[in-house]
Amino acid sequence: MKKIIAFTGSNNPTSINEKLIKYIIKEFPDCGIEFVDLKKYQLPIYSQEIEQKGIPNQAKELFQLFTSAEGFILASPEHNGLPSAFLKNTIDWLSRIDQRFFGDKPILILSTSPGATGGSSHLEILGNLVHRWGGEPVGRFSLGSFQQHFDENTESLTNIQEAYVLKKLVVGLLTNQPVNMVDDSNDIDELMTKITSSLKSKGFL
């Protein structure tokens, strides 16, 4: 079974990007998707002075964890049109161990926000940078108006079309194959049955 590391670039304890990640894990419970909470890796703000004294052990631990993965899901909040400072700092430390710390492995990048754009503005920037860090983007997804499209009581997406698109992208990551999108939302149930069968045949379920 594959090991997919899913994490967010938010240090907010009530992060909606984290809720989106955990929704994915709930929808794909036996597919090797593991949530890694970056908040537990308390890294100092990067500086050359600190690095000269030695890379923090927690950065080394996180790097080893990333090395063990076969793919990644990153949900990144948008701060002033850019990835968060928290995410940037984590990346700064990992890249000092190895510039290509994603190890030429597939990565799905996501974002959500209370606003209508869903943080989509910074995903293009992030997608371009991911290559520098050794990631192979398999897709991007942004969910706008989070509170209107996500039921926190059931921890699920209420917008069927958005849920469909997201699941297709996750399947593409898990199977490492391009997935053709269908236009008719009435085909979702039939498609999900096919996806489940595909995952079972590949040993993911």
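As a starting point, this report considers the structure included with it. One numbering rule holds for all chains: residues counted from 1, following each sequence as written. The predicted nature of this model means local features are confined to residues of pLDDT at least 70 and side-chain atom pairs, given and counted, to a pLDDT of 80 or more, with totals for whole chains, interfaces and linings taken over all residues. By convention in this description, side-chain values take in all heavy atoms of the structure and omit both hydrogens and water.

1. A look at the packing of helix H3 (residues 57-67) against helix H4 (residues 85-97)
Logical step 1: Viewed as axis vectors pointing N to C, H3 and H4 meet at an angle of 75 degrees, and their least axial separation amounts to 10 Å. Classified by the interaxial angle, the pair formed by H3 and H4 is roughly perpendicular. For the pair formed by H3 and H4, the contact residues are Ala59, Lys60, Leu62, Phe63 and Phe66 on the first element and Thr90, Trp93, Leu94 and Ile97 on the second.
Logical step 2: Residue composition of the contact of H3 with H4, grouped by class: 7 nonpolar, 1 polar and 1 charged. A fitted line through C-alpha atoms represents every axis, and for helices the fit uses only the stretch in contact; the resulting angles, taken between N-to-C directions, go from 0 to 180 degrees. Working definition: helices are DSSP H or I runs of at least four residues, strands are E runs of at least two. Numbering for both runs from the N terminus. Should an angle fall under 35 degrees it is called roughly parallel, over 145 degrees roughly antiparallel, and 65 to 115 degrees roughly perpendicular, with every other angle called oblique. Pairs of residues are marked as contacts when any of their non-hydrogen atoms sit within 4.5 Å. Charged means Asp, Glu, Lys or Arg here, nonpolar means Ala, Val, Leu, Ile, Met, Phe, Trp, Tyr, Cys or Pro, and polar covers whatever is left, Gly included.

2. A closer look at the packing of helix H1 (residues 16-27) against helix H7 (residues 160-175)
Logical step 1: In the contact formed by H1 and H7, the axes pass within 11 Å of each other and the chain directions differ by 70 degrees. Relative to H7, the element H1 is oriented roughly perpendicular. Residues Leu20, Tyr23, Ile24 and Glu27 of H1 form the contact with H7, whose participating residues are Ala163, Leu166, Lys167 and Val170.
Logical step 2: Looking at side-chain class alone, the contact of H1 with H7 contains 6 nonpolar, no polar and 2 charged residues.

3. Some thoughts on the layout of surface pockets
Logical step 1: Every definition here rests on a 1 Å grid over the protein atoms only: cavities are sets of points where a 1.4 Å probe fits but cannot get out, pockets are open sets enclosed by protein on both sides within 12 Å along at least five of seven lines, and lining residues have some atom within 4 Å of a point. Grid points are joined across faces, edges and corners, and a volume is the space filled by probe spheres set on the points. As a volume, the largest pocket reaches approximately 200 Å³.
Logical step 2: Taken together, 17 residues line the largest pocket, and the ones lying closest to its centre are Ser10, Ile16, Asn17, Pro77 and His79.
Logical step 3: Elements represented by at least two residues in the lining of the largest pocket include exactly H1, strand S4 (78-79) and strand S6 (105-112).
Logical step 4: Looking at the lining of the largest pocket residue by residue, the class counts come to 3 nonpolar, 13 polar and 1 charged.

4. A few points about empty space enclosed by the protein
Logical step 1: For the structure on display, the rule yields 1 cavity of 30 Å³ or more.
Logical step 2: Empty space within the largest cavity amounts to approximately 50 Å³.
Logical step 3: Lining the largest cavity are Phe7, Leu38, Phe66, Leu74, Leu87, Thr90, Ile91, Leu94, Phe101 and Phe102.
Logical step 4: Among the elements that line the lining of the largest cavity, the one with the most residues is H4, at 4 residues.
Logical step 5: Considering only residue class, the lining of the largest cavity consists of 9 nonpolar, 1 polar and no charged.

5. Here we look at the pattern of salt bridges
Logical step 1: Here, a salt bridge means any side-chain nitrogen of Lys or Arg that lies within 4 Å of a carboxyl oxygen of Asp or Glu. Overall, the coordinates contain 9 salt bridges when judged by the stated rule.
Logical step 2: Between Lys19 and Glu152 there is a salt bridge; the shortest N-O distance is 2.5 Å. Here the residue Lys19 occupies a position in helix H1, and Glu152 occupies one in the loop between strand S8 (150-151) and strand S9 (156-157), the gap between them amounting to 133 residues.
Logical step 3: For the exposure calls, accessible area comes from a 1.4 Å probe over protein chains only, and a residue counts as buried if that area is under 20% of its type's maximum, exposed if over 50%, partly exposed in between. Assessed through its relative accessible area of 26%, Lys19 is described here as partly exposed.
Logical step 4: What emerges from the salt-bridge pattern is a single network uniting Glu18, Lys22, Asp37 and Lys39.

6. Considerations on the packing of aromatic side chains
Logical step 1: Pairing of aromatic side chains requires ring centres within 6.5 Å, counting the rings of Phe and Tyr and the six-membered ring of Trp. Pairs whose planes differ by under 30 degrees are stacked, by over 60 edge-to-face, and all others tilted. Counted under the stated rule, the structure contains 10 aromatic pairs.
Logical step 2: Here Tyr46 and Trp93 contribute two aromatic rings whose centre-to-centre distance is 4.9 Å and whose plane-to-plane angle is 75 degrees, an arrangement assigned as edge-to-face. Here Tyr46, found in the loop between strand S2 (33-35) and helix H2 (48-52), pairs with Trp93, found in helix H4; they are 47 residues apart in sequence, far enough to count as distant.
Logical step 3: The exposure class assigned to Tyr46 is partly exposed, which follows from its relative accessible area of 22%.
Logical step 4: Since its relative accessible area comes to 0%, Trp93 is described here as buried.
Logical step 5: Counting every residue linked through ring pairs, the aromatic cluster contains Phe7, Phe66, Phe72, Phe101, Phe102 and Trp133.

7. Let's talk about the side chain of Asn17
Logical step 1: Here Asn17 is to be found in helix H1.
Logical step 2: Those residues in contact with Asn17 that lie beyond four places of it in its chain are Thr8, Ala75, Ser76, Pro77, Leu110, Ser111 and Thr112.

8. Considerations on the pairing of strand S1 (residues 4-8)
Each regular strand shows side chains that alternate between the opposite faces of the sheet.
Logical step 1: Burial runs high along S1: 5 of the 5 residues are buried.
Logical step 2: Think of it like this: strands point away, you trace from the first strand over the helix to the second, and a clockwise trace means the crossover is right-handed. In the classification by handedness, the crossover that spans S1, the intervening H1 and the parallel S2 is right-handed.

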